[in-house]
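Descriptive analysis of the structure
Chain by chain, the residues:
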Amino acid sequence: MEKGKARAKMADHVEADNAEAIITTIEQKSRKIESLIKQYRPVEALKTALEGSPPKTRDERCKSANWIAVHRALMAIKAVDLMFSNLDPEYYDILMKYLYRGLATGDRPTCDQCLKIHEKLTQKAGLGCILRALSDTVNTV
């Protein structure tokens, strides 16, 4: 029984160390996102935000830090229609997950932006994108 507790404690420690490394990576990514937004390249900022998402951890601090980076990029998008001409389909499913996270905030400007993007994303990617986002319980954002 003691070996099981020791393994669990060790796994928690590894998860905590991993979380710190992930947060450092997200901070670096956030600086790049801010730079891209200042250069009026919001779609590139969104791509950068979605790369490596969601973080491979259950740590809520990491998920929250990554959401902040994605949110910043989402809110910088002004031309939603044009966004999809520059956004690769590989990002569609993870973007849908973040749109639902944004809608869950209840923040009016965030919800308005997420709904605009959701409408265009559904037109572009189809209903399967919604189903994949909602049914994937492993890669939570």
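Residues numbered from 1 in each chain as written. Predicted model: local features only at pLDDT ≥ 70, side-chain atom pairs only at ≥ 80, totals over all residues. Heavy atoms only, no water.

Attention now goes to the overall build of the protein chain. Helices and strands together make up the secondary structure of the protein chain, namely 7 helices and 0 strands. Listed N to C, the secondary structure of the protein chain is α-α-α-α-α-α-α in terms of helices and strands. Burial statistics for the protein chain: of 141 residues in total, 39% are counted as buried. Considering only residue pairs separated by 6 or more positions, the protein chain has 71% of its internal contacts joining residues 24 or more positions apart. In the structure as shown, the protein chain presents an accessible area of about 8500 Å², 57% of it carried by carbon and sulfur atoms. (Helix = DSSP H or I, 4+ residues; strand = E, 2+ residues; numbered from the N terminus. Buried < 20%, exposed > 50% of the residue type's maximum accessible area, 1.4 Å probe, protein only. Contact = heavy atoms within 4.5 Å. Areas by Shrake-Rupley, 256 points an atom, 1.4 Å probe, with all protein chains shown as cover.)

Pairs can form between side chains of opposite charge once their charged atoms are near each other. A full pass over the atoms with the stated rule returns 8 salt bridges. In this structure, K47 and E44 form a salt bridge, with 3.5 Å as the shortest nitrogen-oxygen distance. On the criterion of helical spacing, the pair formed by K47 and E44 is a turn pair, its members being 3 residues apart in helix α2 (residues 42–50). Using a relative accessible area of 14% as the deciding quantity, one classes K47 as buried. Through salt bridges with shared partners, one network takes in E20, D59 and R61. (Salt bridge = Lys/Arg side-chain N within 4 Å of Asp/Glu carboxyl O.)

On to the packing of helix α3 (residues 60–76) against helix α6 (residues 108–125), then. It is the contact of α3 with α6, at a shortest axis distance of 10 Å, that shows an interaxial angle of 70 degrees. Comparing the axis directions of α3 and α6 gives the class roughly perpendicular. Judged by residue contacts, W67, H71, L74 and M75 of α3 engage P109, T110, Q113 and I117 from α6. Residues of the contact of α3 with α6, tallied by class, amount to 5 nonpolar, 3 polar and no charged. (Axes fitted to C-alpha atoms, helices over the stretch in contact; angles between N-to-C directions. Parallel < 35°, antiparallel > 145°, perpendicular 65-115°, else oblique. Nonpolar A, V, L, I, M, F, W, Y, C, P; charged D, E, K, R; others polar.)

With 33 residues, the main nonpolar core has L46, M83, F84 and L95 as its most contacted residues. Where this core is concerned, the elements lending two or more residues are α1 (2–38), α2, α3, α4 (80–86), α5 (92–105), α6 and α7 (127–135). For M83, the contacting residues outside a window of four places in its chain are V43, L46, I77, L95 and I117. One finds A19, I22, I23 and I26 within the second-largest nonpolar core, a separate group that totals 5 residues. (Core = buried A, V, L, I, M, F, W, Y, C linked by side-chain atoms within 4.5 Å.)

Glancing now at the packing of α2 against α3. Packing of α2 against α3 brings their axes to within 8 Å, and their N-to-C directions diverge by 160 degrees. Between α2 and α3, the angle is such that the two are roughly antiparallel. Crossing of α2 against α3: the hand is left-handed. Judged by residue contacts, P42, A45, L46, A49 and L50 of α2 engage N66, A69, V70, A73, L74 and A76 from α3. Taken together, the residues of the contact of α2 with α3 sort by class into 10 nonpolar, 1 polar and no charged. (Left-handed = near helix turned anticlockwise from the far one by under 90°.)

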